[in-house]
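Chain residues, written in single-letter form:
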Amino acid sequence: MNWLIDFFGNPDNWSGPDGIPVRLLEHLEFSGLSLLLAMLIALPLGLWIGHTGRGALFAILSANAARALPTLGLLVLIVLLMGVGTIVPVLIPLVALAVPPILVNTYEGLRGVDPDLRDAAYGMGLRGGEVLGRVLVPVALPLILLGLRIAAIQVVSTATVAAYVGLGGLGRFIVDGLATKDFPRTIGGAVLVALLALIVQLGFALVQRVMVSPGVSQRQTVR
């Protein structure tokens with residue numbers, strides 16, 4: 001506890017280019033851009049595969065293969081190939097980490113919708129896009145949001161690897177603290193990352209409460 005007081009109570013840790021606000025903004029930039037790019041890739045693909053059933057095996061196998069990629073190793077390789085002039089090297093492995101849970105949960109959410117509900121929608125005269133947007137997505141939304149939440153937490157937690165190749169973010173406190181045996185700095189950085197992941201978790205819980213209709217939530221609970 002004294003170490004945390006030493007870290008958070010030190011005014012020097014709250015100002016300058018190495019201060020907590022700057023490092024937090026860098027971490028949020030890495031995480032936010034990575035999650036956004038992953039959503040742009042995985043959500044449309046997962047919706048299309050889940051709705052049509054085409055390419056499901058290839059997509060799932062590719063997603064599982066991406067899960068096996070060592071994030072730090074991939075980051076180091078990209079840095080060796082591209083250098084560290086931009087944040088692109090850290091975005092690529094983080095996007096690769098975030099795509100699988102979004103893709104798989106979106107696909108599983110749509111494929112898990114009751115076939116009778118799908119048939120009833122077509123029987124009412126709705127077309128493919130209307131069935132997807134007005135029936136399938138609202139019912140599958142809890143699983144879709146779960147995939148986004150898992151991806152966001154993984155990205156926020158893993159973005160600390162950027163510090164290992166000289167980039168910023170909250171990982172700088174951990175890496176620099178270990179290098180100089182400044183343990184309050186190391187523990188403070190770890191606590192900041194854990195708190196950020198917890199905030200993300202709570203944020204998605206709030207989003208789900210607002211966006212998912214009570215009927216769908218109750219149906220998911222019963223199942």
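From a predicted model like this one, the values you see are computed outputs, not experimental measurements.

### Points about the overall build of the chain
When helices and strands are tallied, the chain shows ten helices and zero strands. Secondary structure elements in the chain, listed N-terminal to C-terminal, are α-α-α-α-α-α-α-α-α-α. Taking all 223 residues of the chain together, 43% fall into the buried category. Taking contacts inside the chain between residues at least 6 apart in sequence as the whole, the part at least 24 apart equals 74%.

### Things to note about the pattern of salt bridges
For the structure shown, the criterion picks out three salt bridges. In this structure, R23 and D18 form a salt bridge, with 2.5 Å as the shortest nitrogen-oxygen distance. The class of R23 is buried, set by a relative accessible area of 9%. D176 serves as the salt-bridge partner of R172, at 2.8 Å between the closest nitrogen and oxygen. A residue pair is termed a helical-turn pair when its members lie 3 or 4 positions apart in one helix, as R172 and D176 do in helix α8 (residues 171–180) at four residues.

### Points about the nonpolar core
F30, V90, I102, L103 and L136 are the most contacted members of the largest nonpolar core, which totals 54 residues. Contributing elements (two or more residues each) for this core: α2 (20–52), α3 (56–67), α4 (71–82), α5 (88–111), α7 (128–158) and α9 (183–211). If one sorts the elements of this core by residue count, α7 sits on top with 14 residues. What F30 contacts, discounting residues up to four positions off in sequence, is I87, V90, L91, L94, A159, A162, L167, G168 and G169.

### Quick notes on the UniProt feature "transmembrane region" (unreviewed entry) in the chain
The UniProt feature table records "transmembrane region" (unreviewed entry) at residues 30–50, 71–99, 131–148, 155–175 and 187–207. Here residues 131–148 is 100% helix and 0% strand, with 22 Å between the C-alpha atoms at its ends. Each end of residues 155–175 is marked by a C-alpha atom, and these two atoms are 18 Å apart; helix forms 43% of the span and strand 0%.

### Let's talk about α5
Taking 1.5 Å per residue, 24 residues should reach 34 Å; α5 reaches 34 Å between its end C-alpha atoms and fits that length. In terms of burial, α5 is a largely internal element, 20 of the 24 residues being buried.

### What to know about the packing of aromatic side chains
Per the counting criterion, the structure on display carries three aromatic pairs. Ring centres 4.9 Å apart and planes at 85° place the aromatic pair F7 and F8 in the edge-to-face group. Among the aromatic residues, those joined into a cluster by ring pairs are F7, F8, W14 and F173.

### Considering the environment of Q208
Inspection of the secondary structure assignment puts Q208 in helix α9. Counting along the chain gives 62 residues from Q208 to L146, while the straight-line C-alpha distance between them is 8.9 Å.

### Quick word on the side chain of R23
Along the chain, R23 falls in helix α2. For R23, the contacting residues outside a window of four places in its chain are P17, D18, G168, G169, L170, R172 and F173.

Conventions we followed
In this convention, every chain numbers its residues from 1, walking through the sequence in written order. With the structure being a predicted model, the display of local features is reserved for residues of pLDDT at least 70 and the display and counting of side-chain atom pairs for 80 or more, all residues being used for whole-chain, interface and lining totals. Each side-chain value is worked out from all heavy atoms of the structure, with water and hydrogens disregarded. Runs of E in the DSSP output that reach at least two residues are strands. Runs of H or I that reach at least four are helices, and both are numbered from the N terminus. Only protein chains enter the calculation, and the probe is 1.4 Å; a residue is then buried if its accessible area is under 20% of its type maximum, exposed if over 50%, and partly exposed in between. Whether two residues touch is decided by their heavy atoms; if any such pair falls within 4.5 Å, the residues are in contact. What makes a salt bridge here is a side-chain nitrogen of Lys or Arg within 4 Å of a carboxyl oxygen of Asp or Glu, nothing more. To form a nonpolar core, buried Ala, Val, Leu, Ile, Met, Phe, Trp, Tyr and Cys residues must be joined to one another through side-chain atoms within 4.5 Å. UniProt positions are given in the numbering used here, feature names are shortened, and annotations may be inferred rather than shown by experiment. Here a helix's expected span is defined as the number of its residues, less one, multiplied by 1.5 Å. Classification of ring pairs uses Phe, Tyr and Trp, with its six-membered ring standing for Trp, and accepts pairs whose centres are within 6.5 Å; under 30 degrees between planes counts as stacked, over 60 as edge-to-face, and the remaining range as tilted.

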